[in-house]
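Structural overview for review
Listed here are the chains, written in short residue letters.
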Amino acid sequence: MDAAELETGLLCRGTGGTRIGIITITISISTIIWQSPVAPTPAMRNLKLLRSLHCNSWQGLGKPQCLTVRVDTGTVLVGSDLGITELNAHTEQVVRKVSLVEEAFLPEDGSGCIVGIEDLPDQESVCVATGSGDVILYNLNSNQLECVGSVDSGLTGMSWSPDQELVVLTTGQETIIMMTKDFDPITEVKIHQDNFGEGEFITVGWGKKETQFHGTEGKEAARCKPTEIQAAFPWDDRRSRVTWRGDGQLFAISAICPVTGSRKLRIWNRECVLQSTSESVSGLEQPLCWKPSGNLIASTQRKLNKHNVVFFEQNGLLHGEFSLPFHKDQVKVNELLWNSDSTVLAVWLEDLRSDENDRQNTYVQLWTMGNYHWYLKQSLHFGCNQVEQIVSLMWDPESPYRLHVLRSGWLYQSYNWHWTINRSTGKDSSDLANIAVINGDDGVNQDSAVKIGAVGGSGSKICIRTPKRVKTYRIKFEEGGSESLNPLKLRMLTWVKENTFLAVSQGPKTCQSIVCQLLMTSEETEEGEIQIRSPVTVDGHVINLCHNQKTETVALEISSGQILRYFWATHSSEACVKQWKSATGCLVQFPQPCVETALCTVDGEEMVFGLTERSRFYINDLEIASNVTSFIACDEFLLFTTHSHICRCLNLGTTSLKVLSQLSSSDSQPNDETVRRVERGSRIVTVVPQDTKLILQMPRGNLEVIHHRALVLAQVRKYLDRLKYKEAFECMRKLRINLNLIYDHNPKVFLDNLESFVKQINSINYINLFLTELKEEDVTKTMYPYFPSSSTSAPAIGTKVNTVCDALRKTMERISPHKYSLSILTCHVRKRAPELEIALQKVHELRVNPPSDPEAVSAEEALKYLLFLVDVNELYDYAVGTYDFDLMMMVAEKSQKDPKEYLPFLNNLKKMETNYQRYNIDKYLKRYKKALNHLSKCGPQHFTELLNLVKDQQMYSEALKIFPVNSQEYKDISIAYGEYLNEKQYYEQAGLIFARCGECEKALGAFLLCSSWQQVFCMAAQLHYTEDKVVSIARTIAGKLMEQRRYSEAALVLEQYAKDYEEAITSLLDGAGWEESLRLIYKYSRTDILETNLKPSILEAHSNHMAFLDAQKTLFIRHKSRLAVVRENKEKEQEGFLDEEMADGPNADLYSEASSLQSASGMSSKYSHSNSRISARSSKNRRKAERKRYSLKEGSPLEDVALLEALGEIISTLDKLTGEVHRLLKILVLFGYDILASELQQALDETLQLVEKSIPEIWLPDLKNAAVYPVLGPHSTANSITASFQQPRNGGTPQQEEIFVPPKLKKNVKWKLNIL
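Since we're looking at a predicted model, the values are computed, not measured. (Residues numbered from 1 in each chain as written. Predicted model: local features only at pLDDT ≥ 70, side-chain atom pairs only at ≥ 80, totals over all residues. Heavy atoms only, no water.)

Spatial ordering of the open sheet is given by 47-48-49-50, a layout of four strands whose pairing is antiparallel. What marks the edges here is a single partner per strand, and that holds for strand 47 (628–634) and strand 50 (675–677). Between one strand and the next, the sheet's axes are offset by a mean angle of 15°, whatever the strand orientation. Pairing geometry for strand 48 (residues 637–642) and strand 49 (residues 646–651), over five bridges, is antiparallel. By the bridge assignment, Phe-640 is partnered in strand 49 with Arg-648. Of the strands in this sheet, strand 48 and strand 49 are in contact with helix 4 (residues 709–721), which crosses strand 48 at around 165°. (Pairing = 2+ DSSP bridges. Helix = DSSP H or I, 4+ residues; strand = E, 2+ residues; numbered from the N terminus. Axes fitted to C-alpha atoms, helices over the stretch in contact; angles between N-to-C directions. Contact = heavy atoms within 4.5 Å.)

Next comes the structure, spelled out in structure tokens:
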């Protein structure tokens, strides 16, 4: 037995003056009940009593008759036959007494009657209507009484609209008086109207009653006399009853018809205009209550053999009913009351028949509806003492589940209910996840039964465990009859030990509670006793009690949210209650009172979980989420549903409190196993322990079983850790978990236990399924991320499939190669490079040598399976590639191929020589390298075919490796290879190939094309060219070299091979080779060239350098100045100083930003189009376009970056100029041009000093970060935003990053001459 079964079976009864508690204990007997999927699902929730108040130590005026609740103070206003009394139930004090006798509103003899009382918060008053016809208004602040109206015929009732704007009075003359809240009369009409009302049904007049269809009653129904309407019962008080709809637009009145003497229902609108009249209902009784959130009006009807609660629609037609669990004429119903959220209907009943002592029992039943079925959730028995009978009953207008009860003898009680699910709390697989559901009486005069249902998995077959009462235990609280009966005095009954319960009751004061232990006796009798032990008084109302079965810890929550710990009695100390403290020593208190609590361990510390009525979820005093609708703690998991329609499952063993506290602010990650979408309004019912089933109840009442991914994966991981591969595989296969997890969870353990895996699975199909799902991906990092993963020795990336296939294949070959032959074939096929040839060979072996093992498969079955795994055409090609004609025929016969297609091909192959046959097969399969090898063995008669194959497939290198270097075949292939390289413009490589095979003429032509002049003259020497031809070649190649600006090489060719010394010197002068040209002048005694060519050249060079330096210096200064201006403008924009040249007016900012953005966008578009046009050009042009990406145009979005790039290029150019200037200075000094040399040296030196000084001013320290990551935020501008979007998404390229790095000058190069 568990706590849920016992708590819901608790009933309190009283006989005479002795107060007796009866506890019913049930055991489960398994029966099988077949249930349709559409059958009504029982509401899995019960009403749990959170708090009760019992106040009888006060005395008011006269005898109590009715009550109302003051919403602002929480006190109770009681109307009696002498006046009004206000009671504070929490302090048990009478706040005020207002006598209505002194003002003659009520008679002194106590015969007066208050027919209605209403608290009016807006007017800070209470309104009272007396039976004599007075309407009295009492001001609660000024304590003044005022008679606001009087009716001579007397009043029978008063009812205020829900918004308290209107009040309806029913008079003794059977009229309705409607007034405003200021008691201004609106209208007065008669209750009994002759017409139906404005909503009267329209008859279209089709046919007669005799011709209508009457169903199973037949045509005799048309001739039957109308049923006689029964008059009101003798116990009917014959008063008119008024009830309002929740929105205050309609109200209904039940009154006795003067013609028939029976009750009839009429519906009126807010203007007191009759809308509709109910049909004549025989046996209709006095109770009347309109459902606040619907169109149903509840009343009661007594039939021949049952007593029903019936419902009317607003058009007066009946719509639904349910039967009360009593005999015919056993009870009468005094009132029906809906709570404010329309979920609970309270029925106030009294016995009709009296016992020999003339005492009548009083009951209050609480009914609720789920899936269009009514359930009796609570039945409160208030005894039969006439002095303590109920005189008034009402639901609290603010708290939907608070019920106020006023009894004669000035006894006041209130009950605070809350919905809860009573579930079994077993922790192992023997617990069947039973749910105890209170579902009314199974028979007449029987106590409320507890139905315990085991959740079925299929939806059509549900195993119901029917409870059977085996023993009754009685608690005798005290002797004597002085104290009144208090239903449900013991609440929160919790089974904590084998024979021990904990329960809570009200303490000596209403602000106190008592926690006590209940000990069951072990006597073997039909009725046992329970002893109350170790009562502990707690200051405050205990509203929750939770127990941890593992640690036996008990936590109490009081109405303030404070958490207390219950300490069990020991030999040295008594049971006590102390404040709950966290591990840090802080007191634990929920910020708001919680209606559901649980104890769990987080981070090694036991903590209290709580959920409020407002969906706030707390762990100790920390709020975890604000949208939780239900939760449950099972095993090491916490599961909860939210208003966002998700169910979250967290492993408390691996989730820290810090992570839990961030749940509300963090978004779920992809493949987050803790999150699952559920249907809107789903609530958790229970979790099957040590299983993956989570049972949810939908808003319409039906149950659904889901397998939460977190529970499934946790269970699978447990199976894998315990090496239960069969259970893990079946669970994963059933719930569609990727089978790669079997290996990825712990690769080393799996590989070490492959034999156990194969033997446990013991199914070829399952092993094949596992192999076919294998992939290189590690699912523990992608699909099912798990932080404390045990995957420690995973193979290298790209080898997982091969590793598993090879290891599993070896294991199966060792265990039983014939039994697992199909799985072995799967291992070969599933490798990253499928071993289809090996698989085909194994099939061929089965055909050639059929095994005698009875578990073995035939070659036909193996081949058929192989065709299932591999495409038939691919398998056929692999079979052809084995050169085995038997295997080819075997595969071809099993395929869908037409014999006319493959038979001629195979027959033709059989006629060929072996090597030529294999060449054709390889060529057919496009295995050209193998085809080349086989064709090379076919002899010289097939060399032409081989050469064509080489040319077609461009296999020159492979072909050259086959033939000897000195063979003719090698030379022919080399010539073909060289010609191919020439076509591809690889001239130098072509020349090498030609030269190697002895084709010097072709090699010389190739070397000429690539300007490899050294190889050209080598080839010319080998060809023994004449001197004139060599000179001609030298002049030709010298021209090519000068075109390529290779002046020194051209001069060397002209000097040594063309013997043209003047042209050689001229070439050196063109290339600024001053010293080398001077050497040749003196070597060949051509001093005339000094005046004609050398000196003019050096003077021209000096002039060019001076002009270039001046231009670069001017450009450098201009760019530097512009950069400073651009930076200053950007700083002003960021600081909010707008440019004064912008347009004036209220929209100036908008126009300026829009125009800037438009220009930037246009520029960006221009660049993008430009780049797209040149994307197909050479890499040189692409680099040029990349350099032009930054525009130097003033006002461009990245002008500062473009200026930086331009300045860097200038500095780099000047730095490289030092070597060339140094050589020019020496030749100028040599010929006496000291002034010119000094001028050039000074100009370059000044320019370099200017550059060196300016570098720190241009490249600021924080320039790189500021430029790479433009400002985006409140200080950004349209230009900066546009620039930020033009930045590369994955960071800049190295060339772009170099722009923001200051260039470095070569200071160690000594280029200046000291003699100047």
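In this section: unusual backbone geometry. With phi around 55°, Gln-690 is a residue other than glycine that occupies positive phi space. One can find Gln-690 in the loop between strand 51 (683–687) and strand 52 (693–697). We note that Ser-1011 has phi near 60°; this positive angle belongs to a residue other than glycine. Mapped onto the elements, Ser-1011 comes out in the loop between helix 23 (1000–1009) and helix 24 (1013–1023).

A few words on the nonpolar core. With 100 residues, the main nonpolar core has Trp-1074 and Leu-1094 as its most contacted residues. Here the element with the most residues in this core is helix 32 (residues 1199–1230); it accounts for 15 residues. The residues contacting Trp-1074, other than those within four sequence positions of it, are Leu-1069, Leu-1094, Ser-1097, Ile-1098, Ala-1101, Arg-1223, Leu-1224 and Ile-1227. The next biggest cluster of nonpolar side chains, apart from the first, holds 35 residues, and it includes Val-712, Leu-739, Leu-741 and Phe-750. (Core = buried A, V, L, I, M, F, W, Y, C linked by side-chain atoms within 4.5 Å. Buried < 20%, exposed > 50% of the residue type's maximum accessible area, 1.4 Å probe, protein only.)

So, about the packing of helix 28 (residues 1074–1083) against helix 29 (residues 1088–1134). Between two packed helices, the angle of one axis relative to the other and the distance separating the axes together describe the packing. The contact between helix 28 and helix 29 brings their axes to 11 Å, and the two run at 175°. One way to sum up the angle between helix 28 and helix 29 is to call them roughly antiparallel. Only Ile-1089, Leu-1090, Leu-1094, Ser-1097, Ile-1098 and Ala-1101 of helix 29 make contact with helix 28, whose side of the interface consists of Trp-1074, Ser-1077, Leu-1078, Ile-1081 and Tyr-1082. Considered class by class, the residues forming the contact of helix 28 with helix 29 number nine nonpolar, two polar and no charged. (Parallel < 35°, antiparallel > 145°, perpendicular 65-115°, else oblique. Nonpolar A, V, L, I, M, F, W, Y, C, P; charged D, E, K, R; others polar.)

Each aromatic ring pair is specified by the distance between its two centres and by the angle formed by the two planes. Under the defined criterion, the tally for this structure stands at 35 aromatic pairs. Ring geometry for Phe-322 and Trp-367: centres 4.5 Å apart, planes at 40°, overall tilted. Here Phe-322, found in strand 23 (residues 318–323), pairs with Trp-367, found in strand 26 (residues 362–370); they are 45 residues apart in sequence, far enough to count as distant. Residue classification places Phe-322 among the buried residues on the basis of a relative accessible area of 7%. The exposure class assigned to Trp-367 is buried, which follows from its relative accessible area of 6%. Chaining the aromatic ring pairs together yields one cluster made of Phe-311, Phe-322, Trp-338, Trp-367 and Trp-374. Directly above the ring of Trp-568 sits Lys-497, whose terminal nitrogen or CZ lies 4.3 Å from the centroid. (Phe/Tyr/Trp six-rings, centres within 6.5 Å; stacked < 30°, edge-to-face > 60°. Lys NZ or Arg CZ within 6 Å of the ring centre and 35° of its normal.)

Take the pattern of salt bridges next. Overall, the coordinates contain 48 salt bridges when judged by the stated rule. For Lys-1120, the salt bridge is made with Glu-1257, and the minimal N-O distance between the two is 2.9 Å. You can see Lys-1120 sitting in helix 29 and its partner Glu-1257 sitting in helix 33 (residues 1234–1258), a full 137 residues away along the chain. Between Glu-1199 and Arg-1122 there is a salt bridge, with the nearest N and O atoms lying 2.6 Å from each other. Here Glu-1199, found in helix 32, pairs with Arg-1122, found in helix 29; they are 77 residues apart in sequence, far enough to count as distant. Judged by relative accessible area, Glu-1199 falls into the buried class, the value being 3%. (Salt bridge = Lys/Arg side-chain N within 4 Å of Asp/Glu carboxyl O.)

This brings us to the pairing of strand 29 (residues 402–407). Of all six residues in strand 29, five are buried, a share of seventy percent or more. Pairing analysis gives five bridges linking strand 28 (residues 390–395) to strand 29, with the strands arranged antiparallel. Counted as the bridge partner of Ser-392 is Leu-406 from strand 29. Hairpin connection between strand 28 and strand 29: a loop of six residues separates the two successive antiparallel strands. Summarising the sheet, strand 29 and strand 30 (residues 411–420) pair through six bridges and their orientation is antiparallel. Note on strand 30: the bridge partner recorded for Val-405 is Gln-413.

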